[in-house]
Amino acid sequence: MSTMTTEQHPADLWPGERPEAARRLLLAAVDSFASRGYHATTTRDIATAAGMSPAALYIHYPSKAALLAEISRHGHAATLALVEEAVAHGGDPLTRMRHLVEGFTAWHARGHTVGRIVNYELRALPPEDFAVVAELRRRIEDTVKQVIEDGVAAGLFEVPETRTAARAVTSLGIDVARWYNERSSESPEQLGQRYGELVLRMLGAPG
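First, a word on scope: everything that follows refers to the structure included in this document. Just so it is clear, the model here is predicted, and its values are computed rather than measured.

Conventions and cut-offs
- Here the residue numbering is sequential within each chain, running from 1 through the sequence in written order.
- Predicted model: local features are reported for residues with pLDDT of at least 70 only, side-chain atom pairs are reported and counted for 80 or more only, and whole-chain, interface and lining totals are derived from all residues.
- As a rule here, side-chain values come from all non-hydrogen atoms in the structure, and water together with hydrogens is ignored.
- Should a side-chain nitrogen of Lys or Arg be within 4 Å of a carboxyl oxygen of Asp or Glu, the pair is scored as a salt bridge.
- A helix here means a DSSP run of H or I that spans at least four residues, while a strand means a run of E at least two residues long, and both kinds are numbered starting from the N terminus.
- Exposure categories follow from relative accessible area, calculated using a 1.4 Å probe and restricted to protein chains: below 20% of the type maximum is buried, above 50% is exposed, and the middle band is partly exposed.
- What a helix is expected to span follows from its residue count: subtract one and scale by 1.5 Å.
- Contacts: residue pairs with any heavy atoms within 4.5 Å of one another.

1. Some remarks on the pattern of salt bridges
Scanning all chains against the criterion turns up 16 salt bridges. A salt bridge links Arg-167 to Glu-141; the shortest N-O distance between them is 3.1 Å. Linking Arg-167 in helix α8 (residues 162-179) with Glu-141 in helix α7 (residues 127-153), this pair joins segments that are 26 residues apart in sequence. Overall, the relative accessible area of 46% leaves Arg-167 in the partly exposed class. Salt-bridge contacts for Glu-149 lead to Lys-145; the nearest nitrogen and oxygen are separated by 2.4 Å. With Glu-149 and Lys-145 both in helix α7 and four residues apart, the pair spans about one turn of that helix. You can call Glu-149 partly exposed: its relative accessible area is 26%.

2. Considerations on α7
For α7, built from 27 residues, the straight-helix expectation of 39 Å at 1.5 Å per residue is met to within 8% by its first-to-last C-alpha distance of 38 Å. Turning to α7, its buried residues number three or more, namely Asp-129, Val-133, Leu-136, Ile-140, Glu-141, Thr-143, Val-144, Lys-145, Val-147, Ile-148 and Gly-151. Lining the buried residues of α7 we find α4 (64-88), α5 (93-110) and α8. A positive phi of about 75° marks Gly-155, the residue just after α7.

In structure tokens:
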């Protein structure tokens, strides 16, 4: 089965505010981490993929861990912005949750390569960088949790514990990055719509 969309290019996360060499290194790191895994990737692998020498890499980034941190921070910051924008869309909690889940799911489908790296290489981050990413993840989860709490207060959702429900909602979307690829039969938007319906049922929404 052929795909119905194209993958979001990782370059979209770095729209030109960095030197071109730094952007090339970031994109090469994404490709290398995705194909080899973080631990199996060397700085030479990244530099070679970027068409540079290992020495040139260190001009911009002190280590491959610094590249992973940059990719993780920007991936999570983009996701947080998407979630906050969806909530700001307005409407009742049902409408806000639907928009949130549709956008969150579609993002992880379109950007599945970056999504896999930022969500499944967390343990490789140095402690100080992990703390920054953990705070972004907390803000994403808190935003989802607030919508669920609003829905419970309005009698639209019925869940035993809102924190657990929020984690379940985000976990569904994050996992899309693990399995979605160019051969998937649904477009990111179609998948987002299906997940939106699924999440509303999971939260006990009426009808």
